[in-house]
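Chain and residue survey
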Amino acid sequence: MNETYLISLLIAVCLKLSLTLADDSSSSSDDDSGHMKPFGCCGKKMKMDEIDGWPKSSVLVDNYAKKNIPLVMRNAAKVSPAYDLWTDEYFLSMNIPKEAKVNIEQRKKEDRLQPTAEMHFQEWVRNYNNTDKYMVHDIPDYLGKDVFVPPPLQCEKLLKHIVTAIMWFSSGGTKSVVHTDNADNILCLYRGEKKFVIVDPNKYAEHVPMDHPEGAYSSIDVDKVDFTKYKKMNEVEFYHVHLSAGDCMFIPYKWIHQVNSFGSNIAVNVWWTHEIIQTITDIEHCDKIPDKMTTMDQVEFPGFSHQDDMPFEVISAMKDRIRQLPSRKLTYEKFMNILVEDELFLSSVIGIGYKRHINLAFQIADTDGDGYITLNEAYNLDNTQVGEDFKSQLMQYGAILSASQKDLDDAEKIIDKTEDPHEMKAAAEAAARIRDEL
């Protein structure tokens, strides 16, 4: 009796195990269902936080920006005049200077190796529906007056850390590369539809490699992802976000994303410095929305090369680079590559004096003096005296770049414009002195 029972039990266990293995095998083959299909088509879909309208400054900063969590804000862009004003007829009725040109990308499926072209904005408006191109340009002042700076960023404490605002304009059908941004940003859509496919880099940075680190993007073909090349893609979880006109989204620093647009399409991105926002405290006093909203044309955006923000961006870039290195150690040469794109060219323009500050910065960061900067040493630059000394050297390096470039530009303008040989000689000598002094 017991022997019969044991045999029956063994058969049942074997049958259960075979069914489980069959299910696992089926599941494993399903994991490759996204092979040679669009990016994000398959795999587990994640749900993103959503609210209606704008959050308070403290909520955006403390609950989302500092925690690197994305957020969808439905109907938030509708508070800006642009939401109602921006029609083609409105654009064509504007009195825009003849020299006001915008940058045009040459194909809707993004290729960052393609050159861009320039076109007068109103010529673009007349032609965009009949072309495979799209516009990407710093928002011009003549349009910036119609767009409010996002209300949570209106406070001076945050406003001064916005680095740039970009306008995107197409007839739809655009496809971005898979990429990351080196800043936090809010995108607001004023016309059309956009679909985002988003990946959490804290979980899947190694699964979706940015194999073009110089541009922070991936060579993945967004229309047909090759799982034999990107072997871990079948493990990735995706956020799928559909924005309609009037919606906005906060995209955190370094979050991986790919964007598709549909229908006549206009959006504006606002980027701000990630590292500095992380250090801001007592933000609650920014929660009161001002009586009069600041528009984009009232803000002077310094751009990503803004000197005051540069040390934070360098430290962030150092951490990212160290994580990518098999040795997890940053050499002086690789540190120099973060700061100087073309050493020979820079030395020929301003001399080699700038290297002193780079050398000192490296020595300060390399606290154990072994000739490498580790990830722990990079993190030691956050909110410490060592970090302050490091940043001081980078600020002096940045000051050399800014001052010398301005002086050299002034000298070159004189050389270009003057026909007086004496003025030309004096300007050339002045430029030479700048190099010698540095």
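Residues numbered from 1 in each chain as written. Predicted model: local features only at pLDDT ≥ 70, side-chain atom pairs only at ≥ 80, totals over all residues. Heavy atoms only, no water.

1. Quick word on the overall build of the chain
Tallying secondary structure elements over the chain gives 16 helices and 13 strands in all. Taken across its 438 residues, the chain has 46% of its residues classed as buried. Expressed as a percentage of contacts within the chain between residues at least 6 apart in sequence, the contacts between residues at least 24 apart total 80%. Only carbon and sulfur atoms are counted for the fraction: they give 52% of the accessible area of the chain, which is about 22700 Å². (Helix = DSSP H or I, 4+ residues; strand = E, 2+ residues; numbered from the N terminus. Buried < 20%, exposed > 50% of the residue type's maximum accessible area, 1.4 Å probe, protein only. Contact = heavy atoms within 4.5 Å. Areas by Shrake-Rupley, 256 points an atom, 1.4 Å probe, with all protein chains shown as cover.)

2. Let's talk about the state of the cysteines
Enumeration according to the criterion identifies two disulfides in this entry. Through a disulfide, Cys155 is tied to Cys286; the S-S separation comes to 2.0 Å. Highlighted residues: Cys155 in the loop between helix 6 (141-144) and helix 7 (156-159) and Cys286 in the loop between helix 9 (274-279) and helix 10 (310-324), separated in sequence by 131 residues. Neither Cys155 nor Cys286 differs from the other in exposure class; each is buried. (Disulfide = S-S within 2.5 Å.)

3. A look at the packing of aromatic side chains
Counted according to the given criterion, the structure contains 16 aromatic pairs. Summarising the aromatic geometry, the rings of Tyr332 and Phe362 are spaced 5.5 Å apart at their centres and angled 85° between planes, so their arrangement reads as edge-to-face. Of this pair, Tyr332 sits in helix 11 (residues 332-339) while Phe362 sits in helix 13 (residues 354-365), and the two are 30 residues apart along the sequence. When its relative accessible area of 22% is taken as the criterion, Tyr332 is described as partly exposed. (Phe/Tyr/Trp six-rings, centres within 6.5 Å; stacked < 30°, edge-to-face > 60°.)

4. Regarding unusual backbone geometry
The backbone phi angle of Met36 is positive, close to 60°, even though this residue is not glycine. Take Met36: it is sitting in the loop between helix 1 (2-30) and strand 1 (45-46). Given a relative accessible area of 39%, Met36 falls into the partly exposed group. You will see that Asn68, though not glycine, has its phi angle at about 55°, which is positive. The topology assignment puts Asn68 in the loop between helix 2 (57-65) and strand 3 (71-74).

5. Notes on the pattern of salt bridges
Applying the stated criterion to the full structure yields 16 salt bridges. A salt bridge links Lys109 to Asp221; the nearest nitrogen and oxygen atoms lie 2.9 Å apart. Here Lys109, found in the loop between strand 4 (101-105) and strand 5 (117-120), pairs with Asp221, found in the loop between helix 8 (201-204) and strand 9 (238-244); they are 112 residues apart in sequence, far enough to count as distant. Accessibility expressed as a relative area gives 27% for Asp221, which makes it partly exposed. In this structure, the salt-bridge partner of Lys319 is Asp382, at a minimum N-O distance of 2.7 Å. Linking Lys319 in helix 10 with Asp382 in the loop between helix 14 (375-379) and helix 15 (385-417), this pair joins segments that are 63 residues apart in sequence. For Asp382, a relative accessible area of 25% puts it in the partly exposed group. (Salt bridge = Lys/Arg side-chain N within 4 Å of Asp/Glu carboxyl O.)

6. Things to note about helix 2
Those residues of helix 2 that sit buried are Ser57, Ser58, Leu60, Val61, Tyr64 and Ala65. Where the residues of helix 2 are buried, they touch strand 3, helix 7, strand 8 (184-199), strand 10 (248-251) and helix 9.

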